[in-house]
Amino acid sequence: MIDSIWGAAKLFSKGPYIAHPDFGEGYIEPAEAHRILFEESDTDMCVAQTVPLMGWFKEGFSPARANHSLAAAYPDRVVFCGGTDPMFQGTRGAIDEMRRQKEEWNAVSFKFYQSQLSGAAWRADDRYIAYPLWEEALRLGVKSVQFHKGLPFGRQMLEHQRPNDLEQASIDFPELTFIIHHLGMPFIDDTINIASRHENIWLALSAWINIYPIQPRVALDMMGKALMFVGADRLMYGSEAFVWPALQPYIKLFADLEMPEDMQEGYGYPQITREMKRKMFGENQARLLGIDIEKKKKELRKKKTALAAAS
């Protein structure tokens, strides 16, 4: 399975959009991650995302332990998103792990991958498997839960990756924000339709920016629909680090994005303004997590000055 993911990484990597040479071979150490994120790109802060895809991977595709290590090493710039799997751990075990990740590792959110190689899967609107997880998240003070939706990493059933199960869950838990990653590709229209009607469903653009260099107009069509029907206030940028660790080319690409005139005139899509980009680049995420951007900028400037003086 690693070979298949590595093949996908190479497929979507050309020019400056390179894949990490060690992808699939082991974990990225915190110091290496810091170099990629903060020394070689304009990234100010990031969310270290757990992907609890069990079966092929002993600790999941993007292990909670590794993501916590990064957040613990650089707590001023990295926040930790945990993750559990009720199919792998059982609902009670998943709740216990959520509690542990919050209390010991300060998880600010939890991510879920809902299907398995065996064909087993669970739904976000299952009152016996899922609803206890959402109740526990709120009890812990966690206000968002996140989902890998759309294209599976392997031979799981594509049907199990549809976003439709989030509708009823979002209605039953209005205090919770449900985040759909990858725009739910290939279920783009379903995902955008659902998010357009439920204000507590947000969309993460993870993987979208990585597709843009290969299929720019296809990617812009997705973005245009998302901006038109959901709005920039509920879209969040995602880099897919560390599969594609040369982050600065993607950041520049996103900063320079424009909606072609023919797509504005022919499809009614809005121009992608600087204000929209600021929201998607980080203001929306900061708002969701309760981070004061101006206060954080002052904190980081003060630390940078202190480090420069010490050296």
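Going by the structure above, here's the rest.
S.K.: Explain the pairing of strand β2 (residues 78-83) to me, using residue names and the numbers behind them.
M.R.: The buried fraction of β2 is high, at six of six residues. Residues Val78, Phe80 and Gly82 point to one face of β2 and Val79, Cys81 and Gly83 to the other, with burial holding for every one of them. Relative to β2, strand β1 (residues 46-49) runs parallel, the two sharing four bridges. Its bridge partner being in β2, Ala48 is matched across the sheet by Phe80. As for the winding sense of the linkage, the β-α-β connection from β2 through helix α4 (residues 86-105) to strand β3 (residues 109-112) is right-handed.

S.K.: Lay out the pattern of salt bridges in plain terms, naming residues and giving numbers.
M.R.: Under the criterion given, the structure shown has 24 salt bridges. Two residues, Arg217 and Asp262, come together in a salt bridge whose shortest N-O distance is 2.7 Å. Here Asp262 lies in helix α11 (residues 261-267) and Arg217 lies in helix α9 (residues 216-229), a separation of 45 residues in the sequence. Residue classification places Arg217 among the partly exposed residues on the basis of a relative accessible area of 43%. In this structure Asp262 comes out as partly exposed when scored by relative accessible area, which is 42%. The partner of Arg278 in a salt bridge is Glu283, with the nearest N and O atoms 3.1 Å apart. Under the relative-accessibility criterion, Glu283 is labelled partly exposed at 27%. Residues joined in a network through salt bridges with shared partners are Arg92, Asp96, Arg99, Glu136 and Arg139.

S.K.: Go over the packing of aromatic side chains, please, and point to the residues and values.
M.R.: Applying the stated criterion across every chain, the model contains 15 aromatic pairs. With a centroid separation of 6.2 Å and 40° between ring planes, the pair formed by Trp122 and Trp134 is classed as tilted. Here Trp134 lies in helix α5 (residues 131-139) and Trp122 lies in the loop between β3 and α5, a separation of twelve residues in the sequence. The exposure classification of Trp122 matches that of Trp134, with both residues buried. Relative to Phe281, the ring of Tyr237 has its centre 5.1 Å away and its plane inclined at 55°; by these criteria the two rings are tilted. With Tyr237 in the loop between β7 (235-236) and α10 (247-255) and Phe281 in helix α12 (residues 274-289), this pair connects stretches of sequence that are 44 residues apart. A connected cluster of aromatic rings, assembled from ring pairs, spans Phe112, Trp122, Trp134, Phe147 and Phe178.

S.K.: Describe helix α3 (residues 64-73), listing the residues and the values that go with them.
M.R.: Where α3 is concerned, the buried positions are Ala64, Asn67, His68, Leu70 and Ala71. The arc that holds the buried residues of α3, viewed along the axis, is 155°, so those residues lie on one side. Buried-residue contacts for α3 involve α2 (30-39), β1, β2 and α4.

S.K.: Describe the pairing of strand β4 (residues 144-148), with residues and values.
M.R.: Burial within β4 is extensive, with five of its five residues counted as buried. In this sheet, β4 lies alongside β3 in parallel orientation, the contact comprising three bridges. Within the sheet, the bridge partner assigned to Lys111 lies in β4 and is Gln146. Here β4 runs beside strand β5 (residues 177-181); their pairing, made up of five bridges, is parallel.

S.K.: Just give me the short version of unusual backbone geometry, but keep the residues and values in it.
M.R.: In this structure, Pro186 follows Met185 across a cis peptide bond, with omega equal to 10°. A cis geometry characterises the amide bond from Ala241 onward to Phe242, with omega recorded as 15°. Note on placement: Phe242 falls in the loop between β7 and α10. Positive phi values are uncommon outside glycine, yet Ala207 reaches one of about 80°. Mapped onto the elements, Ala207 comes out in the loop between β6 (201-204) and α8 (208-211). Positive phi values are uncommon outside glycine, yet Glu240 reaches one of about 65°.

Reading the values: the criteria
- Residues numbered from 1 in each chain as written.
- Predicted model: local features only at pLDDT ≥ 70, side-chain atom pairs only at ≥ 80, totals over all residues.
- Heavy atoms only, no water.
- Buried < 20%, exposed > 50% of the residue type's maximum accessible area, 1.4 Å probe, protein only.
- Helix = DSSP H or I, 4+ residues; strand = E, 2+ residues; numbered from the N terminus.
- Pairing = 2+ DSSP bridges.
- Right-handed = clockwise from strand over helix to strand, strands pointing away.
- Salt bridge = Lys/Arg side-chain N within 4 Å of Asp/Glu carboxyl O.
- Phe/Tyr/Trp six-rings, centres within 6.5 Å; stacked < 30°, edge-to-face > 60°.
- Arc of directions from axis to C-beta.
- Contact = heavy atoms within 4.5 Å.

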